[in-house]
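Reading the structure
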Amino acid sequence: MKKKTTELYKTVWRWHFYAGIFVAPFLIVLAITGGTYLFKPQIEQALYHSYYEVKEESTKMDADAQVAVVQKQYPEGTVTSFKPSSSPTRSSEVGLAEGDATYTVFLNPYSGEVIKKLDNHDRIMDRIEELHGELMVGTWGDRLVELVTCWVIVLIITGVYLWFPRKSKKEKGGTFLIRFNKGERALRRDLHAVPAVWLTAGIAFLIATGLPWSGFWGTNFQSIVTNTGQGYPPSIWTGNPPDSVTQTKDLTKVPWAAETLEVPKSTIIPNYERVSLTTIEENAEKRGVPEGYKIVMPQTAEGVYTISAFPNKAQDEVTMHLDQYTGAVLTDYRYDNYGWMGKAIALGITLHKGTQFGLINQLISVLICVGIVLVVCSGIYLWWKRKPSHQLGAPKSGSARHAYGFYILLVILGIIFPLVGLSLIVIFLLDFLVIHRVARLKKFFNA
Amino acid sequence: MMKSKLMYMVVFALIFVLAGCETRSDANTLYKKEQPLEVQFLSKEAYEKEGEHTIHFKLLQDGQSAKDLQFTHISIWNVDRSVTLDMTAALEEKDGTFTFPFDFKKPGLYYVQIHAGTKTETISPTQRLLVGKLSKKDIDALQSTTPSSNSGGGHHH
């Protein structure tokens, strides 16, 4: 029994070691960027307060007039969204696309003065979010972050096993308390294992609340959950928004009109006007949409207006779609309309971002992020002090027949998290086809 | 041998899991449904000559004739606003069908706005109507992306 436990311990240690080596640099990036992003509201308030603040006056310009100001000032651009001013002393925001670039134009809603045209690429918190979510390299980065996150699950499971007090231990030292008086080796180990176990629940929570966000696992998970009727309604995360229901006709097809209009053949002029932004705003107010929402313009002739609000608390979320020709409300999804899984995911996101419970939420989350950095650094230090020269210092694997349960667990994780599954296949192939066949590599990796 | 068997299991399971992960096209039926008002214009969108023509439209809700309408008003104006009709009640015929005769005195582009609502739903579609010959101003207005608004008066609900 003791031999079986020892063999299993060696196998688990080896996997913990390799998982740790792989995730360490990425985990530090995730912790630092995540910890910074928690304070997005405060940071953006400090950076952009001069764009946000306006002096209250008696009459605001209507939404269409405000957008017309921006369109006139930037005739080459396309207005993509409008965020009405959310308080008497707050500017409104117009989303503008010019070529490949996108901008936010801050506008005084009383005078129509353009306060600032901000290139969205210069929004530092957006760049930090990009670094956190996809390492600023797009889809590949998103997949890598997801892979790292999933391997942290393996790290946690193997780490808890390695940490778990053996029967002979009676004192708390080395389990929940750091031993400062048992020598350097025990201290190095405890500086890694003890904080790690204290942070386990926090790290697991961040993983559980962040994974539904990811581009591969998250999107597929959201689709599955939406299809059960217990997730987010379609179009909020996955699935398409409805089309405008109004059946339009093309005025260029009226024979005598087409000759007069002289438009290119591909041009469509629908027989309906698009409903004004002012009407959309009025409809939002009638439906009790709280201040701070954004209106996204229809992108096609069949498209819809979208009103969306993702405020601090998940319970205040709104996603509405309105027919662009009549202003009719086609969908009106609030938090209360989500299934129980959708509510759990929505709450998880606001907790993950630190907005749900305000400052206390931010502080607890940043402590977890700081803890993650310390655990990673202490793990690297532990390895560096232990490793032999000219070798990686990987623990030797135990006998496979004493680790069947562990391997089956890995397979299960590989199925639940397909990117882990794919990486397990790559590891197996690398191990079988390369490492075991090249003596130097076999020695270096202690295979 | 054990490891390779496990790897095959992973591959097959991955294929199986990934196969069924699209959002269903009818997933919206599993969640809260709205019953928006819809308008169907039954009269033509273009008349070759100016003069008296009847606007004819139908209001629907959930595929049926709209019931419990609180108001159904119509406004009409042309591009230079030399011909205008302030918000006026449309004439109800039957089964959610409404008519409104109007004298389109001049040729050009007209806007016909319906403003209709129940207790909980409101719509305000604006149809473009071509009457006779179009001027350059009419053509520019047709090709503009800025909606024409009825700022001519009448209270809003």
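For the structure itself, consult the block above.
This write-up is about the structure you can find in this document. (Residues numbered from 1 in each chain as written. Chains lettered and ligands numbered in written order. Predicted model: local features only at pLDDT ≥ 70, side-chain atom pairs only at ≥ 80, totals over all residues. Heavy atoms only, no water.)

Another point: the overall build of chain A. The secondary structure content of chain A amounts to 14 helices and eight strands. Within chain A, the proportion of its 447 residues that are buried is 48%. Counted over contacts in chain A with a minimum sequence separation of 6, partners at least 24 positions apart contribute 61%. When the accessible surface of chain A is summed, it comes to about 22300 Å², and 62% of that surface belongs to carbon and sulfur atoms. Of the side chains in chain A, 46 bear a positive and 39 a negative charge, and the two mean positions are spaced by 23 Å. (Helix = DSSP H or I, 4+ residues; strand = E, 2+ residues; numbered from the N terminus. Buried < 20%, exposed > 50% of the residue type's maximum accessible area, 1.4 Å probe, protein only. Contact = heavy atoms within 4.5 Å. Areas by Shrake-Rupley, 256 points an atom, 1.4 Å probe, with all protein chains shown as cover. Lys, Arg positive; Asp, Glu negative; His and termini not counted. Charge placed at Lys NZ, Arg CZ, Asp CG, Glu CD.)

All names here are of chain A. With respect to the helices, strands and loops of the structure, Ser-235 is situated in the loop between α7 (217-227) and α8 (255-261). The exposure class assigned to Ser-235 is buried, which follows from its relative accessible area of 18%. Setting aside residues up to four positions removed in sequence, Ser-235 forms contacts with Asn-240, Pro-241, His-321 and Tyr-333.

Here the focus is the sheet that holds strand β7 (residues 318-323) of chain A. All names here are of chain A. Pairing in this open sheet of eight strands is antiparallel, and the strands run β4-β3-β2-β1-β5-β6-β7-β8 from one edge to the other. Two strands close off the open sheet at either side, each with one partner strand: β4 (114-119) and β8 (329-334). Geometrically, the sheet is characterised by an average inter-axis angle of 20° between neighbouring strands, direction not taken into account. Examined bridge by bridge, strand β6 (residues 304-309) and β7 share six bridges and lie antiparallel to one another. Paired with Thr-306 across the strands is His-321, a residue of β7. Lying over the sheet, helix α2 (residues 40-52) contacts β2 (92-98), β3 (101-107) and β4, oriented at roughly 140° with respect to β4. Relative to the sheet, helix α3 (residues 63-73) contacts β1 (78-83), β2, β3 and β4, its axis offset from that of β1 by approximately 145°. (Pairing = 2+ DSSP bridges. Axes fitted to C-alpha atoms, helices over the stretch in contact; angles between N-to-C directions.)

All names here are of chain A. If you walk through the whole model with that rule in mind, you get 32 aromatic pairs over all chains. Relative to Phe-445, the ring of Tyr-18 lies with its centre 6.3 Å away and its plane at 40°, an arrangement referred to as tilted. Separated by 427 residues along the polypeptide, Tyr-18 in helix α1 (residues 2-37) and Phe-445 in the segment after α14 (439-444) bring together distant segments of the chain. Look at Trp-163 and Phe-164: their rings are 6.0 Å apart centre to centre, the planes differ by 90°, and that puts the pair in the edge-to-face class. Site record: aromatic cluster; members linked through ring pairs are Phe-17, Tyr-18, Trp-383, Trp-384, Phe-444 and Phe-445. Positioned over the ring face of Tyr-103 is Lys-117, at 4.2 Å from the centre of the ring. (Phe/Tyr/Trp six-rings, centres within 6.5 Å; stacked < 30°, edge-to-face > 60°. Lys NZ or Arg CZ within 6 Å of the ring centre and 35° of its normal.)

Next up on the list: the pairing of β1 of chain A. All names here are of chain A. The pairing of β1 with β2 spans five bridges and is classified as antiparallel. Looking at β2, one finds that Phe-82 is bridged to Val-94. Here β1 runs beside strand β5 (residues 294-296); their pairing, made up of two bridges, is antiparallel. Residue Phe-82 lies in a different strand from β5, and its bridge partner there is Ile-295.

What follows concerns the pairing of strand β1 (residues 37-41) of chain B. Residue and element names in this part refer to chain B. Every second residue of β1 is oriented toward a common face, the buried set being Leu-37, Val-39 and Phe-41 and the non-buried set Glu-38 and Gln-40. Pairing of β1 with strand β3 (residues 51-61), which is carried by five bridges, proceeds in the antiparallel orientation. Paired with Phe-41 across the bridge in β3 is Phe-57.

All names here are of chain A. For the coordinates displayed, the defined rule picks out zero disulfides over all chains. Lacking any disulfide linkage, Cys-377 is separated from the closest cysteine sulfur, that of Cys-369, by 14 Å. Using a relative accessible area of 38% as the deciding quantity, one classes Cys-377 as partly exposed. (Disulfide = S-S within 2.5 Å.)

Here the focus is unusual backbone geometry. With a phi close to 90°, Ser-235 of chain A is a non-glycine residue in the positive phi region. Of note, Asp-62 of chain B is a non-glycine position whose phi angle comes to about 55°, a positive value. Inspection of the secondary structure puts Asp-62 of chain B in the loop between β3 and β4 (64-65).

We now examine helix α4 (residues 124-134) of chain A. Residues and elements named next belong to chain A. Taken as a whole, α4 has its buried residues at Met-125, Arg-127 and Ile-128. Projected down its long axis, α4 shows its buried positions confined to an angular sector of 160°, all on one face. Just past α4, the residue Leu-135 takes up positive phi, approximately 50°. (Arc of directions from axis to C-beta.)

Where the parts come together, the accessible area they lose is often given as the size of the interface. Taken together, the contacts link 61 residues of chain A with 52 residues of chain B. Taking both partners together, chain A and chain B bury about 4800 Å²; carbon and sulfur atoms supply 65% of that area. Applying the counting criterion to the chain A and chain B interface returns four salt bridges. Counting across the interface, chain A meets chain B through 17 residue pairs in polar contact (both at pLDDT 80 or more). Ranked by the residues each element gives to the side of chain A that touches chain B, the list is headed by helix α13 (residues 418-433) of chain A, at seven residues. Residue composition of the side of chain A that touches chain B, by class: 32 nonpolar, 22 polar and seven charged. (Buried area = accessible area lost by both parts, 1.4 Å probe. Salt bridge = Lys/Arg side-chain N within 4 Å of Asp/Glu carboxyl O. Polar contact = N/O pair within 3.5 Å; in protein donor to acceptor, adjacent residues only side chain to side chain. Nonpolar A, V, L, I, M, F, W, Y, C, P; charged D, E, K, R; others polar.)

The next thing to look at is the pattern of salt bridges. Here the structure, examined in full by the defined rule, presents 18 salt bridges over all chains. Taking the shortest distance from any N to any O, the salt bridge between Arg-90 of chain A and Glu-93 of chain A comes out at 3.3 Å. Overall, Arg-90 of chain A belongs to the partly exposed group, its relative accessible area being 21%. Residues Arg-24 of chain B and Asp-26 of chain B are paired through a salt bridge, measuring 3.0 Å at the closest nitrogen-oxygen approach. The partly exposed category is assigned to Asp-26 of chain B, whose relative accessible area is 36%. Residues participating in the shared-partner salt-bridge network are Arg-287, Asp-332 and Arg-334 of chain A together with Lys-32, Glu-34 and Glu-121 of chain B.

Residue and element names in this part refer to chain A. At their nearest, the axes of α2 and α4 sit 10 Å apart, and the two run at 150° to each other. Two secondary-structure elements touch here, α2 through Lys-40, Ile-43, Glu-44, Leu-47 and Tyr-48 and α4 through Ile-124, Met-125 and Asp-126. Per-class residue counts for the contact of α2 with α4 are five nonpolar, no polar and three charged.

Glancing now at the environment of Glu-134 of chain A. Residue and element names in this part refer to chain A. If you trace the backbone, Glu-134 turns up in helix α4. On a C-alpha basis, the gap between Glu-134 and Leu-30 in space is 9.9 Å, while along the polypeptide they are 104 residues apart. In this structure Glu-134 touches Gly-141, Asp-142 and Val-145, once residues within four positions along its chain are discounted.

Attention now moves to the environment of Asn-312 of chain A. All names here are of chain A. With respect to the secondary-structure elements, Asn-312 resides in the loop between β6 and β7. Residue class for Asn-312 comes out partly exposed when judged on its relative accessible area of 46%. Linking Asn-312 and Leu-374, residues 62 residues apart in sequence, is a C-alpha distance of 29 Å. Residues within four places of Asn-312 in sequence aside, it is in contact with Thr-350, Thr-355 and Gln-356.

Any functional reading would require information beyond the geometric quantities listed.
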